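Below are the chains, spelled out letter by letter.
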Amino acid sequence: MFTKILIANRGEIACRIIKTARAMGVSTVAVYSDADRHALHVKMADEAIHIGPSPSNESYLVIQKIIQAALQTGAEAIHPGYGFLSENAEFCRQCAANNLIFIGPPIEAILAMGSKSAAKTIMADAGVPLVPGYHGDDQNYEVIKQAANQMGYPVLLKAAAGGGGKGMRAVFSEAEFDEALGAAKREAINSFNDDIMLVEKYLLKPRHVEIQVFCDSHKNAVYLFERDCSVQRRHQKIIEEAPAPGMTDTLRKKMGETAIKAAKAINYEGAGTVEFLLDAQGEFFFMEMNTRLQVEHPVTEMISGQDLVEWQLQVAAGKTLPCTQAQLNISGHAFEARVYAEDPDHDFLPATGILKCLQAPSETTHVRVDTGVIQGDEVSIYYDPLIAKLVVWDTDRDRALQRLTEALSNYRIGGLTTNIGFLYNLATSKAFQRGDLNTGYIEEHEQEIFRRRDIDIDYAAPLAAAAINKQQRQQAIVAAKHSVDPNSPWHLYNNWGLPQRNLSIQIQHAVVEQTPDSNTSLDDLMVIPTGSGFDLFTPRGFFHCAEVKADLGTDYREADGGNLSAPMNGTLVALLVDLGTEVKKGDSLLVMEAMKMEHTIMAPSDGSVTEFYFKAGDLVDGGSQLLAFMRSNP
Ligand code: ADP
């Protein structure tokens, strides 16, 4: 076994790898950028090497810096984690050239699966069933469009080099084709510097079921069962589980053996995942193979009792697989919920900020929290806004789901927007509880999942008023101390008395009037000030509240005619309409790109754009007004 490895990654996955390495007696070297100087993975590792500025293309993605760090510290092998350089063939080549072992598959396997198009050709030859579509080399616009037309809509355009749901667009009719192709190609160039496209039949309501495979260098191969990753937003997974609800032994065996066939077709070694779409008839189709450890690997670990990172190290060190297929069993059921800094109410836009409060549920045999941050850390614009992976296990699905909802309701994060409330709604939605899943789940159950959480306003309003009042009183006391004017209104406040005035308070999305009452105690609550108000964590759940200032009106989103401001720092990609041209409510007005994802700003009502304040290519600060919009007369 290795004595020292370098982890070419950050965040939760770097921490997770360090844990296993430590348990195996292998010492670890972390690498870090400026932004990660004080990050948890740096603290946990035995050694840490600074590799440059915060943007990942100046640090975590710079092959030479990583190789140099490994050579300098005497690491024998490099674990790439997921993302960053994990599926980068050139990185793999550089490792070999420097006598460093890449903890992952052989370079040929990475190359073979690196393009979704080329992968489909190899899999077709190996007899693996594919999603029907066009994955040819001829990238002529007419050829692609013709393929889509012939296949019949809806189709899915995908970047051959794609990943993370980027460079992907569903197209429901020929009329939408051009705009969708343009957007998919732009996103692909931006993210992967490659805009080769493939077209697939867009399957309606399939499930995403993937098989974990493992192969060693002695021609042994096993599958560690399946994960159901159907619940997705923006084509990205958000809650995963294992085993897949309703999976039969026969289908599992068939999918497992097909996955091994796929892995063998490319002489695979190490951990890999073969992703399939599964339809209601039990037919399944190859989508792609990921040649690395997946984000959602913990659910497989929980039901199989195996440590996949340990397996990776064993295989990379030339050992045989720790188990045979016959020795592997499924025990119980596991879920993983990805806790993100993002705003589900605004198209899941990534959020940034300081984790002013971070209290995860306690870890037990049933609850595991994989994270790379602690309270006080910042979720920055530079990296994926994943805060933690909440993983739960129990003897059956119902019990495991009960564990998940309980753990989510005990997860307290304050200071920035997170998806915890959304995850809770998702986990408690009826069809999810029944295991009735498909990749369109979130849209299909929108009403139920995005429902404003039923907060008992009679309970919440006095608490919100007390929190707001307390803060104002504290500010007033400070102000009074510094005020020489005996008539200053600040003197109305003191440590004991409360001014009897009505506060207008927004609680989640409701607005209520409430007079602060000195009998309301905030003792066992947690009050976390945020930019716009407070996050209150109460024994009956979490809610956000803020005082509504009279002159702003109550529903600010309606008041400003829809959100025509930049959702976050980013680049303006394209203006889609001409000034003065009549548009319909919901029409696309302009496209912004932030964190390599495109966001379309849409018309809040029928009307027209009277002015654009920026042009394509401009850098725009989050919150800036992007355009002036005039509603048409009703
Ligand atoms: P990425 O590599 O960007 O994650 P994938 O090819 O793995 O892209 O697809 C991501 C998700 O998009 C899938 O999990 C599935 O939900 C959806 N998807 C992909 N291909 C199809 C298809 N042909 N029909 C329907 N949904 C699809």
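Coordinates for the structure precede this section.
Model, not experiment: these values are computed from the prediction.

**Student:** Quick question: what am I supposed to make of the overall build of the protein chain here?
**Tutor:** What the protein chain contains, in helices and strands, is 18 helices and 34 strands. What you see for the protein chain is a C-alpha radius of gyration of 26 Å, in line with the 26 Å of a compact globule of 634 residues. Principal-axis analysis of the C-alpha atoms gives the protein chain an extent of 85 × 60 × 50 Å. Looking at the 634 residues of the protein chain, the share that counts as buried comes to 53%. Partitioning the intrachain contacts of the protein chain with sequence separation of at least 6 by distance along the chain shows that 64% fall at a separation of at least 24.

**Student:** Even after reading the chapter, I still don't get the packing of helix α3 (residues 63-73) against helix α4 (residues 89-97), so can you show me in this structure?
**Tutor:** Two quantities define a packed helix pair, namely the angle between the axes and the distance from one axis to the other. The N-to-C vectors of α3 and α4 enclose an angle of 30°; their axes lie 10 Å apart at closest approach. It follows that α3 is roughly parallel to α4 by the angle criterion. Pair α3 / α4 crosses with right-handed handedness. For the pair formed by α3 and α4, the contact residues are Ile-63, Gln-64, Ile-66 and Ile-67 on the first element and Glu-90, Phe-91, Gln-94 and Cys-95 on the second. Classifying every residue of the contact of α3 with α4 gives five nonpolar, two polar and one charged.

**Student:** When you look at the side chain of Asp-343 in this model, what are you seeing that I'm missing?
**Tutor:** If you trace the backbone, Asp-343 turns up in strand β16 (residues 342-343). Its relative accessible area of 18% is what places Asp-343 among the buried residues. A polar contact of 3.0 Å, which involves the side chain of Asp-343, links it to the backbone nitrogen of Asp-345. Separated by 2.7 Å, the side chains of Asp-343 and His-346 make a polar contact. In contact with Asp-343, not counting residues within four places along its chain, are Phe-348, Leu-349 and Thr-417.

**Student:** Which parts of the structure should I look at to understand the pattern of salt bridges?
**Tutor:** Two side chains carrying opposite charge are able to pair once their charged atoms lie near each other. For the structure shown, the criterion picks out 38 salt bridges. A salt bridge links Lys-389 to Glu-12, with the shortest nitrogen-to-oxygen separation between them at 2.9 Å. Taken together, the residues Lys-389 in strand β22 (residues 386-394) and Glu-12 in helix α1 (residues 11-23) connect sequence positions 377 residues apart. The partner of Lys-430 in a salt bridge is Glu-448, and the shortest N-O contact between them spans 4.0 Å. Of this pair, Lys-430 sits in helix α14 (residues 430-434) while Glu-448 sits in helix α16 (residues 446-449); the two residues are 18 residues apart in sequence, bridging distant segments of the chain. Under the relative-accessibility criterion, Lys-430 is labelled exposed at 59%.

**Student:** Can you help me understand the sheet that holds strand β8 (residues 168-171) in this one?
**Tutor:** The strands making up a sheet associate through hydrogen bonds between their backbones, and the pairing can be parallel or antiparallel. One open sheet holds the four strands; their spatial order is β6-β9-β7-β8, and the pairing between them is antiparallel. On the outer flanks of this sheet lie β6 (133-134) and β8, each paired with one strand and no other. The pairing of strand β7 (residues 155-159) with strand β9 (residues 197-201) spans five bridges and is classified as antiparallel. When the bridges of β9 are listed, Leu-156 appears paired with Glu-200. Sheet contacts for helix α7 (residues 141-151): β6, β7 and β9; angle to β9, the most-contacted strand, approximately 5°. On top of the sheet, helix α8 (residues 177-192) reaches β7, β8 and β9; it is set at about 170° to β8, its chief contact.

Rules used in this analysis
- Residues numbered from 1 in each chain as written.
- Predicted model: local features only at pLDDT ≥ 70, side-chain atom pairs only at ≥ 80, totals over all residues.
- Heavy atoms only, no water.
- Helix = DSSP H or I, 4+ residues; strand = E, 2+ residues; numbered from the N terminus.
- Rg over C-alpha atoms; globule rule 2.2 N^0.38 Å.
- Buried < 20%, exposed > 50% of the residue type's maximum accessible area, 1.4 Å probe, protein only.
- Contact = heavy atoms within 4.5 Å.
- Axes fitted to C-alpha atoms, helices over the stretch in contact; angles between N-to-C directions.
- Parallel < 35°, antiparallel > 145°, perpendicular 65-115°, else oblique.
- Left-handed = near helix turned anticlockwise from the far one by under 90°.
- Nonpolar A, V, L, I, M, F, W, Y, C, P; charged D, E, K, R; others polar.
- Polar contact = N/O pair within 3.5 Å; in protein donor to acceptor, adjacent residues only side chain to side chain.
- Salt bridge = Lys/Arg side-chain N within 4 Å of Asp/Glu carboxyl O.
- Pairing = 2+ DSSP bridges.

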